[in-house]
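Each chain, letter by letter, is given below.
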Amino acid sequence: MQGVGAGAGAVSVLATPEEAAAQSSVKSLGPAAVPVTLTVNGKPMKTAIEPRETLLDTLRSKLDHTGAKRVCDRGTCGACTVIVDSKVQYACTILAIDAQGKQIQTIESLTANGKVHPIVPAFVNNDAQQCGYCTPGFVMAAKGFLDKNPNPTYEQVKDGLGGNLCRCGTYVGVRKAVLEAAKALRGGAGVKGASNA
Amino acid sequence: MPNYSWPPMNERKVMGKPHSRLDGFAKSSGRAKYPSDVNREGMLFGAILTSPHAHCTIQSINTSEAEKMPGVSAIRVTAPAGTEIQWAGAEIAWVAADTEQHAIDAMRAIQVQYRALPHFVSEERKSQAGTRAKPAGEQTTGDVDEALKAADAVAEGYYAIPVLAHSCLEPHGQVIEWKGDRMEYWPSSQAVSTVAGDLAQQLKIPASQIHVSMDYMGGGFGSKFPSDIWGAECARLSKDSGGKAVKLFLDRATELTIAGVRPSAYANIKVGGKKDGAITVWQSESWATGGFTGGGMPPIPYIYTGIPNRRLNHAAISVNAGGARAWRAPNHQQACFLTFAAIEDFAAKIHMDPAEVLVKNLGFTARAPLYERQIRLAQEMAEWKKLWHPRGDSGKSHIKRGLGIAMSTWGGAGHPSECRVKINPDGSVELEQGTQDLGVGTRTVVAMVAAETLGLTVPDIKVKIGDNSYPVSGPSGGSTTVGGVSSSTRKAAVHALEELFQKVAPSLKADPANLEAVGGKIQVKGDPSKSIGWKAACQKLGVSSISATGKNDPKNPMGLNTQGAGGVQIADVSVDTETGVVKMNRVVAVADCGLVINPKTAESQVLGGVIMNICGALMEERVMDETLGRVLNADMEFYKLSGIKDIGEIVVHMDVHPDNDKRGVIGLGEPAAISTIAAISNAVANAIGVRVPRVPLSPDHVLTALYGKNMERSRA
């Protein structure tokens, strides 16, 4: 039996971008890099990306916002969690070009301008981290969850943070951290200006 | 000879008190820079072409099209025509390009013709393994046949625990940049002080040319010791691209396919003994794979090594799949599951409480009094008397609750380690060590030891680790780190303090040997009225800092660290006999430990060990496609890790008391990560009345055990 390797002679059944553009009134971008402006943590940032690039890769490689991590790269593990227009999202499932004109909030915003969002110290206090690679995603998921559920029960925390995975086994600390942060937020500690998105 | 002994338990000011990890804020704020976060000016990205076939030869490989692709700066072939490939995912060629997309495009444009060859990937089917099964030779003690005949009861069972993937969240890989003949190397590694030497050997260059930096790393679990072929090829791609930095990390599918697995284990086991619970005989026929080179026998019977009549047969099965790497407590989970499931089945056969069978036979273990104390404590914490019931006697509801118990053993002595402590004239203290913090809290622990020794607080100590220009410290494996780094730090700090005492003694009109460092002061022992503040004391150094080193020598740890940790865990589960879903209610973990430096991170280690093995018990399994010979679930949707809701409640008891404290520091990352799988399997058997022979305890495997669907006693 003769096999063929990963790159050999792939046959495209799709129209080329040029053909697609000719058939449609929709403006076609790429395949080469195109200029984009992304509003990250309230700040417009310009870069050039290929249209196929995910928001996650753009944040990490082009904009040096490396808090969001690339782990599964297909919307399963939550390590790349960001908040886009108040919605918790996996940055690996969004194309960067589609994120233009939207408010993109990353983990870096939680400790910007000398203000610290209470979810961050809550994770430290409760040792809700070991290697820490899943942690920024968890922190952002927790922030998005608390934005919508300011007074959660323990059971709701377990449901609400179900979209993130950890390999070191920090879940017990995460549960406690989210409840502690909720309490701190209700007390109003340190939230002002923490979110500049 | 200075006195290095740990301060008495009740006199410690810093050690033994919970302390938040020093890098907690950096991690929780996303500011911590992992190797995969390193971005360099003009950095290139690497991509790897891997084999789609489990067994094949490379007929031809043509990179000419790929070389013309946009942005490509270097292409290398490591499996040229004629190479025989032994597993899917094996590396064939390497590309560096200006963007990651361009690197992947070029990788896909490399044309390879393969000749596929027959493969074998299903080691559970030992009877089909043919010459790929290598018997290890029988080990016999006593008279097994006679003991089996004489036994009041013999429990016979088939047990299977699969290959798992380490599934580190930060994949294996590195960034490498050449500056002239010097190389900057940012690996995701468990071995800051040794990985440069390993890479230098591959590249045939002096190790002194390689500078390693690694402040953080995203999980290793035993799989990240070597520099690997991707380290060497990343360095070569960088060199071929004029020294520009190259970032090369495995994608998720490749990570799960070739970056390390835990070996499987399968066994037909007989355990026999008397009606009163005394075990007299063990017979096992086991087999395992860890990849192309097969898999060794787990240490069975586990812990109960003194069973008088034993016959062990084992075969290593070679498969065409990515190879094994060390796994948090190598082979112990498998041994623990095989042993404690079989003993539990014997207990059920003679209608005895399995905890009593374990206690009855403790004479066959090396630590009978310790284990008995731990078993009783765990039983109390798990409400064993109230909740345990004879196997299967769990009521009429389709939700069945059960308890299961298992034990662990581990070494955990400190590895070779050197530490440098600097005391500066301005009073600042620096601690340098070529170690790494895998997330276990190493940074925090060494700062606590230094602060305790110098009479300071943790924030007074500036910890510098993760760099191979610092004093050499061992790789983090086998739970050896905390013992090693704490002992070397203690010694270095004692040495530095002695030098400071020499400088300060005249002003206090005291003998240097009669000084102590307490509460931010240097004072005459027991006389706080004759003291000098830390900063004032350090000013007496003039312009020269003190720089003192200390070493942990594993051959003579001087009482600072030791090995030998037992542990007992009890799992409490509910099983839905209609859906086969196992729900965790609770795990109780009694963790043996020596001296605990930071209770906060120590408890996290135990929790992590338990949680990792809840995944292993209920969800994880590498699934091979027998036809294609490829990993079917090389992603995170179907290679399942448990989530925050899946783990139930976990109750940890750190066995801190003076008798244990006297032993010195003992590593505990691994002992905590051993017995959960066996305990959960036993709890499920207790709940539903039959053994589910296969881990993971997925709905499929539970229902098969309950209703006999496609059930075969053994596939061997």
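The rules behind the values
Per chain, the residues get numbers from 1 upward, laid out in the order the sequence is written. Think of it this way: whatever chain is written first is A, whatever ligand is written first is 1, and the rest follow in order. The predicted origin of the model limits local features to residues at a pLDDT of at least 70 and limits the giving and counting of side-chain atom pairs to 80 or more, whereas totals for whole chains, interfaces and linings rest on all residues. Strands here mean DSSP runs of E at least two residues long; helices mean DSSP runs of H or I at least four residues long; both are numbered from the N terminus. Three exposure classes are used, all based on how many other C-beta atoms lie within 10 Å of a residue's own C-beta (placed from the backbone): buried at 20 or more, exposed at 12 or fewer, and partly exposed between those limits. Axis lines are fitted through C-alpha atoms, for helices just across the contact stretch, and the angle between N-to-C directions can take any value from 0 to 180 degrees. With the far helix as reference, a near helix turned anticlockwise by less than a right angle produces a left-handed crossing, and one turned clockwise produces a right-handed crossing. Two residues qualify as being in contact provided that their C-beta atoms, derived from the backbone, are within 7 Å of each other. Polar here means any residue other than Ala, Val, Leu, Ile, Met, Phe, Trp, Tyr, Cys and Pro, which are nonpolar, and Asp, Glu, Lys and Arg, which are charged; Gly is therefore polar. Domain limits in this description derive from either an automatic procedure or a database domain assignment. Only strands that DSSP links by at least two bridges are regarded as paired with each other.

A.B. asks: Help me understand the overall build of chain A in this model?
C.D. replies: The helix and strand inventory of chain A stands at 6 helices and 6 strands. Counting from the amino terminus, chain A carries its helices and strands in the arrangement β-α-β-β-α-β-β-β-α-α-α-α. Within chain A, the fraction of its 197 residues that count as buried is 52%.

A.B. asks: Hey, could you run me through the packing of helix H5 (residues 195-203) of chain B against helix H6 (residues 228-240) of chain B in this one?
C.D. replies: Residues and elements named next belong to chain B. Where H5 contacts H6, the two axes come as close as 9 Å, and the packing angle between them is 65°. The way H5 lies across H6 gives a crossing that is right-handed. Across the interface between the two elements, Leu199, Gln202 and Leu203 from H5 touch Gly231, Ala232 and Ala235 from H6. The class makeup of the residues in the contact of H5 with H6 is 4 nonpolar, 2 polar and no charged.

A.B. asks: Looking at this model, I keep getting lost on the domain arrangement of chain A. Mind explaining?
C.D. replies: It is common to give the size of an interface as the accessible area that goes away when the parts come together. Residue and element names in this part refer to chain A. Segmenting chain A into domains produces domain 1 (31-106) and domain 2 (116-186). Averaged C-alpha coordinates put domain 1 and domain 2 at centres separated by 22 Å. Each partner contributes to the interface: domain 1 provides 11 residues, whereas domain 2 provides 11 residues. Take the side of domain 1 that touches domain 2: its biggest share by element is 3 residues, from strand E4 (residues 81-84). Of the residues assigned to the side of domain 1 that touches domain 2, the class counts are 7 nonpolar, 3 polar and 1 charged.

A.B. asks: Would you explain the sheet that holds strand E25 (residues 527-533) of chain B in this entry?
C.D. replies: Two modes of strand pairing occur in sheets, parallel and antiparallel, and in both the strands are linked by backbone hydrogen bonds. Residue and element names in this part refer to chain B. Spatial strand order, E23-E24-E25: 3 strands in an open sheet with antiparallel pairing. Looking along the sheet, the strands with just one partner apiece sit at the ends: strand E23 (515-518) and E25. Shown here is a sheet whose adjacent strand axes are inclined to one another by a mean of 35°, direction ignored. Pairing analysis gives 4 bridges linking E23 to strand E24 (residues 521-524), with the strands arranged antiparallel.

A.B. asks: Would you take a moment to explain the interface of chain B and chain A for this structure?
C.D. replies: Each partner contributes to the interface: chain B provides 60 residues, whereas chain A provides 54 residues. Counting only elements with at least two residues in the side of chain B that touches chain A, the list comes to helix H1 (24-28), helix H3 (100-109), strand E6 (111-116) and helix H15 (599-618) of chain B. Counting residues per element, the side of chain B that touches chain A draws most heavily on H15(B), which supplies 8 residues. Classifying every residue of the side of chain B that touches chain A by side-chain character gives 27 nonpolar, 18 polar and 15 charged.

A.B. asks: I keep staring at the pairing of strand E27 (residues 565-576) of chain B and nothing clicks. Help me out?
C.D. replies: Two faces make up the sheet, and in a regular strand the side chains alternate between them. Residue and element names in this part refer to chain B. Extensive coverage of E27 is indicated by the burial of 10 of its 12 residues. Pairing geometry for strand E19 (residues 399-410) and E27, over 12 bridges, is antiparallel. Across the sheet, the residue bridging to glycine 402 is valine 573, located in E27. Here 9 bridges tie E27 to strand E28 (residues 582-591), and the two strands are oriented antiparallel to one another. Its bridge partner lying in E28, valine 573 is registered against methionine 584. Two successive antiparallel strands, E27 and E28, enclose a turn made up of 5 residues, where glycine 580 displays a positive phi of approximately 80°.

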